[in-house]
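Listed below, chain by chain, are the residues.
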Amino acid sequence: MNNLSFSIGDKVVYPNHGVGVIEQISSRTIGSQIERFYLLKIKASSLKVMVPFQNVGSVGLRRVIRNGEIQKILDFLMDGKCENHTDWKYRFKENSDKMRTGSLMDVAEVLKSLLLLNQTKPLSFREKKMLERARYLLVSELALAKNVAEPEVEEILTRTLAKTKLKFPEVTAEA
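Here is what the cut-offs are and how they apply
- Residues numbered from 1 in each chain as written.
- Predicted model: local features only at pLDDT ≥ 70, side-chain atom pairs only at ≥ 80, totals over all residues.
- Heavy atoms only, no water.
- Helix = DSSP H or I, 4+ residues; strand = E, 2+ residues; numbered from the N terminus.
- Rg over C-alpha atoms; globule rule 2.2 N^0.38 Å.
- Buried < 20%, exposed > 50% of the residue type's maximum accessible area, 1.4 Å probe, protein only.
- Contact = heavy atoms within 4.5 Å.
- Areas by Shrake-Rupley, 256 points an atom, 1.4 Å probe, with all protein chains shown as cover.
- Lys, Arg positive; Asp, Glu negative; His and termini not counted.
- Charge placed at Lys NZ, Arg CZ, Asp CG, Glu CD.
- Expected span 1.5 Å × (residues − 1).
- Polar contact = N/O pair within 3.5 Å; in protein donor to acceptor, adjacent residues only side chain to side chain.
- Pairing = 2+ DSSP bridges.

### Quick word on the overall build of the protein chain
Of regular secondary structure, the protein chain possesses six helices and five strands. Listing each helix as α and each strand as β along the protein chain from the N terminus yields β-β-β-β-α-β-α-α-α-α-α. For 175 residues, the compact-globule estimate of 2.2 N^0.38 gives 16 Å, and the C-alpha radius of gyration of the protein chain, at 17 Å, lies within 12% of that figure. Viewed in the frame of its principal axes, the protein chain has a C-alpha envelope of about 55 × 35 × 30 Å. Burial status across the protein chain gives 39% buried among its 175 residues. Counting only contacts in the protein chain whose residues sit at least 6 apart along the sequence, the fraction spanning at least 24 positions is 57%. Accessible surface, the protein chain as shown: approximately 10,000 Å² in total, 52% of it carbon and sulfur. The average position of the 28 basic charges and that of the 21 acidic charges among the side chains of the protein chain differ by 2 Å.

### Considering unusual backbone geometry
Even without being glycine, N16 reaches a positive phi, approximately 70 degrees. Relative to the elements of secondary structure, N16 occurs in the loop between β1 (11-14) and β2 (18-30). For N16, a relative accessible area of 27% gives the class partly exposed. Despite not being glycine, K165 has its phi angle at roughly 60 degrees, a positive value. Mapped onto the elements, K165 comes out in the segment after α6 (150-162).

### Points about helix α4 (residues 104-120)
Between its first and last C-alpha, α4 extends 25 Å over 17 residues, near the 24 Å set by a 1.5 Å rise per residue. Looking at α4, one finds that the buried residues are L104, D106, V107, A108, V110, L111, K112, S113, L114, L115 and L117. Check the buried side of α4 and you find it contacts β5 (62-63), α2 (67-79), α3 (88-101), α5 (125-146) and α6. By the N-cap criterion, in which a side-chain oxygen at the helix start approaches the backbone nitrogen of a residue two or three places on, α4 is capped by S103, the distance to M105 being 3.2 Å.

### So, the pairing of strand β4 (residues 48-52)
Both faces of the sheet carry side chains from a regular strand, because those side chains alternate between them. As paired strands, strand β3 (residues 33-42) and β4 are joined by five bridges and run antiparallel to one another. Its bridge partner lying in β4, L39 is registered against M50. With antiparallel pairing between neighbouring strands as the criterion, β3 and β4 make up a hairpin whose turn holds five residues, including S46 at a positive phi of roughly 60 degrees.

### Some remarks on the side chain of S26
Its location among the elements puts S26 in strand β2. Judged by relative accessible area, which is 17%, S26 ranks as buried. Each residue touching S26, except ones within four places of it in the same chain, is listed here: E35, R36, F37 and M50.

Here it is in structure tokens:
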């Protein structure tokens, strides 16, 4: 996975932070080693992140999904199976791990499992935050992959989830 190379201007996904753009490729001398870095700007937060070339694989930096992969995500949200552990700590750790993988399918799994759970019991504050994060990561990347505005993707996801009687919770003012 370390052979992923990017160019300035490439749109990439930095796990758990979302879509970013490679703004610069630079080198620094650290001791006797010359290290090369990608400097990326995260779209949502304007956060700037330096990722050493050698860490690209381990941090999960990847390209935005292709248009063809979008249907797989939507199909999963409609028909995919989700397991939810009854133990809150175990469930939260498992979902946190999935959010960090950088895989949009893992993010979709977290979203769906939390929406299913939300039907039977109220989510904890941290799980609500994770659901919002998963929703944001999914919407922002799908919008970029489809080259459409985020509200259009929200509508597609809402219709897709409605087919399985799931819906996004109302966004509250304190969220």
